Amino acid sequence: MTTTMKKAAYVMTIATLLGACNRTPTAPSEATGPTAAVQVQRATSGPIEQVLQAYGTVEYPPQSQSTVSSQSEATIEQILVANGQSVRRGEPLIRIKPSAAALQELHNARNDATAATQELARVTRLFGHHLATNADLTQARQAMGNARSALTSANTRIGAGGSRVLYAENDTTVVSIAVARGDIVAADAPLIHLARKGGVMVRLGIEPSDASAVKPGMPVVVSPVHDGSQRLEGVVAEVMDQVDPQTRLLQATITLPEADGLLPGSTVRGAIGIQRRNEAVRVARSALLYEGDQAYLFVVQRGTARRVLVTPGIDDGTWVEVQKGIKAGDEVVVAGNYELEDGMPVTSTPPQGAKTP
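Note that the coordinates shown come from a computational prediction; the quantities given were computed from them, not determined experimentally. Once a new chain begins, its residue numbering starts again from 1 and follows that chain's sequence as written. Since the coordinates come from a predicted model, pLDDT governs what is reported: local features require at least 70, and pairs of side-chain atoms require 80 or more to be given and counted, while whole-chain, interface and lining totals use all residues. With hydrogens and water set aside, each side-chain value is computed from the structure's full complement of heavy atoms.

### Details of the nonpolar core
Step number 1: We call a set of buried Ala, Val, Leu, Ile, Met, Phe, Trp, Tyr and Cys residues a nonpolar core when their side-chain atoms join them within 4.5 Å. Note on classification: 1.4 Å probe, protein chains only; a residue is buried when its accessible area is under 20% of the maximum for its type, exposed when over 50%, partly exposed between these limits. In terms of nonpolar packing, the biggest core is built from 23 residues, with Val-202, Leu-262 and Ile-272 touching the most fellow members.
Step number 2: Every element with two or more residues in this core is listed here: strand E2 (44–59), strand E11 (201–206), strand E12 (219–224), strand E13 (232–243), strand E14 (250–255) and strand E15 (267–284).
Step number 3: Any two residues having at least one pair of non-hydrogen atoms within 4.5 Å are treated as being in contact. Setting aside anything within four residues of it in sequence, one finds Ile-272 in contact with Gln-50, Val-51, Leu-52, Leu-204, Ile-206, Val-214, Met-218, Pro-219, Val-220 and Val-236. Comment: elements are numbered from the N terminus, with helices defined as DSSP H or I runs of at least four residues and strands as E runs of at least two.

### Some words on the side chain of Gln-230
Step number 1: Among the secondary structure elements, Gln-230 is positioned in the loop between E12 and E13.
Step number 2: Assessed through its relative accessible area of 18%, Gln-230 is described here as buried.
Step number 3: Non-local contacts of Gln-230, meaning those with residues more than four positions away in its chain, are made with Val-222, Ser-223, Pro-224, Asp-260 and Gly-261.

### Comments concerning the sheet that holds strand E3 (residues 65–69)
Step number 1: Strands qualify as paired when DSSP identifies two bridges or more between them. One open sheet accounts for four strands, arranged E3-E10-E8-E5; its pairing is antiparallel. Taken across any chain shown, the strands that pair with only one partner, and hence form the sheet edges, are E3 and strand E5 (86–87).
Step number 2: Both strand E8 (residues 172–177) and strand E10 (residues 190–196) contribute to a ladder of five bridges, which runs antiparallel. Bridged to Val-174 within E10 is Leu-194.

### As for the sheet that holds strand E7 (residues 164–167)
Step number 1: Read from one edge to the other, the open sheet built from four strands follows the order E7-E6-E4-E9, with strand pairing classed as antiparallel. Each edge of the open sheet carries a strand with a single partner, namely E7 and strand E9 (184–185).
Step number 2: Summarising the sheet, strand E6 (residues 92–98) and E7 pair through four bridges and their orientation is antiparallel. When the bridges of E7 are listed, Ile-96 appears paired with Arg-164.

### Description of unusual backbone geometry
Step number 1: At His-130, a position not held by glycine, the phi torsion is positive, near 60°.
Step number 2: Judged by its relative accessible area of 74%, His-130 falls in the exposed class.
Step number 3: Phi angles above zero are rare outside glycine, and Arg-302 is one such case at about 55°.
Step number 4: Mapped onto the elements, Arg-302 comes out in the loop between strand E17 (294–301) and strand E18 (304–315).

Listed below in structure tokens is the structure:
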């Protein structure tokens, strides 16, 4: 190697060493692994309520309902009202006429009363000639009394034998009509179902598994399914002990002090407040993760995600109470937490459109 080449190699070696001395050291955070992008939200303090959602129907209370019936077998001649119609006291509801069997009953009652009257007159004449005993006279009088009572009953139930109209006894609404024109109905069979105005009730269907959580006196917010903006406050009045064989649900009756706008027969949604805490630490529902039965979440501290075991409480469907593990003000990961590991570096942003509960 020539002297010139040796000098050049020496200079290159010196330059390499100087470059190594002047290089910027690697930041410790870069050596710890990849950085995760997450969304965070602060845990807050305030009220939280667990709500059970149920669906049901609006009905008239049992005590307000009544039926119209005929006291004797009859033929439906004309129906004068329609389902849902409001009817004032004294207005006509239905026209009926006695059936053939009822007319025969009336005819027989008249004949029996006439025969009993004639028999009593005959026995009375005989008694006056000492040809009949006191027992005979007493028996004839009793038979005439029975015949007249039977005729009075037939006249009351059947009438004179022609068509007659049944009228509303109160201001009511026609709930349903159980017959059609031309039907022959038995005595006391319901013809029209009515309900007095001035109140409705709500029946909600409860899953049997939720029955133990629903108690009388719990607050309920009722809304028509077709109009969720209408909210009526009521309370649970009673939870039935028997499962409905058709719906396979338990029925809970709800009383409402005000029921303006609720139409009988319509479907409603009920939010039953089964548990409430006036002051609780709350986090977004998406913050909670589970490993078996153990709940945990990630809290961001100085750019690092820390895995924290927590004890959840009331869940209202959007927010969850945290009874143990964090405090109000902690920054909790609400999105991107499934990929996190304890101690992982993170870059955090608040969730889009986030709202404080």
